[in-house]
Amino acid sequence: MGENEDFGALGNLIAGLENLSTMELRPSWAQSLPATDLSSVLDELRIVIAPAFSESGVAIHWQVEDHLPLVMGERYGLLQIFLNLTRNSQRAMEASKRKQLTITSAVEPSSIVIRFEDTGLGIADTSSLFRPFQRGADATGLGLYVSRAIVRTFRGDLRHEPRSEGCCFAVSLARYIGSGDAL
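Residues numbered from 1 in each chain as written. Predicted model: local features only at pLDDT ≥ 70, side-chain atom pairs only at ≥ 80, totals over all residues. Heavy atoms only, no water.

Enquirer: I'd like a rundown of the packing of aromatic side chains, residues and numbers included.
Expert: The geometry of an aromatic ring pair is captured by two quantities: the separation of the ring centres and the angle between the planes. Under the counting rule described, the total for this entry stands at one aromatic pair. Looking at R46, its charged tip hangs above the ring of W62, at a distance of 4.3 Å from the centre. (Phe/Tyr/Trp six-rings, centres within 6.5 Å; stacked < 30°, edge-to-face > 60°. Lys NZ or Arg CZ within 6 Å of the ring centre and 35° of its normal.)

Enquirer: Tell me about helix α2 (residues 38-55), residues and numbers included.
Expert: A rise of 1.5 Å per residue sets the reference length of α2, with its 18 residues, at 26 Å; its end C-alpha atoms lie 26 Å apart and thus fit the reference within 8%. Taking the largest bend as the criterion, α2 deviates by roughly 40°, centred on I49, and proline P51 comes between one and four positions later. Taken as a whole, α2 has its buried residues at L38, S39, V41, L42, E44, L45, I49 and F53. N-capping of α2 is provided by D37, with a side-chain oxygen placed 3.1 Å from the backbone N of S39. (Helix = DSSP H or I, 4+ residues; strand = E, 2+ residues; numbered from the N terminus. Expected span 1.5 Å × (residues − 1). Bend = angle between axes of the 7 residues up to and from the residue. Buried < 20%, exposed > 50% of the residue type's maximum accessible area, 1.4 Å probe, protein only. Polar contact = N/O pair within 3.5 Å; in protein donor to acceptor, adjacent residues only side chain to side chain.)

Enquirer: Hey, could you go over the pattern of salt bridges for me, with residue numbers and the actual values?
Expert: Per the stated rule, a full pass over the model turns up seven salt bridges. For R75, the salt bridge identified is with E44, shortest N-O distance 2.5 Å. Here R75, found in helix α3 (residues 75-92), pairs with E44, found in helix α2; they are 31 residues apart in sequence, far enough to count as distant. The shortest N-O distance in the salt bridge between R115 and E161 comes to 2.7 Å. One end of the pair, R115, is in strand β5 (residues 111-118); the other, E161, is in the loop between β6 (157-160) and β7 (167-174), and 46 residues separate them in sequence. With respect to class, R115 is no different from E161; both count as buried. The network of salt bridges with common partners includes R115, E117, R159, E161 and R163. (Salt bridge = Lys/Arg side-chain N within 4 Å of Asp/Glu carboxyl O.)

Below, the structure written as structure tokens:
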């Protein structure tokens, strides 16, 4: 069992959730951020979400570069953000005929952008999208608010990118260049 990737990823997820539960959301300028291997975080995400998405009939298309540059941030916080976005997409596609989540990466000069684009219903009114306790939210209404707060502590951002169909969220993460300095 110790060599099974799924069990390893599950163990990392549990440790990450324990770590996340004790993490304080301090301003990003008040903390030293570690370098994080984004590729390995996305590999863990793939292992964790694949069974549930397969079960619900959602196809996942990964268009992510194999070896992404290091980013500034805490791996378990990043995994929590990505899990929240993928769960939101999964719920949004429950009633859709075509169920597809596309996860892409884009390497930019000072950041890495990970996009989560689904074929769900989309969001009609985005004016209060990142406010806590949203009316009509499928869950608690805190997911996007907390996810944006976490990614901002990593000197990044989370934004909604309008689409004619479906929904897209982009997570922009600062590239790590060494010695604690970001570009």
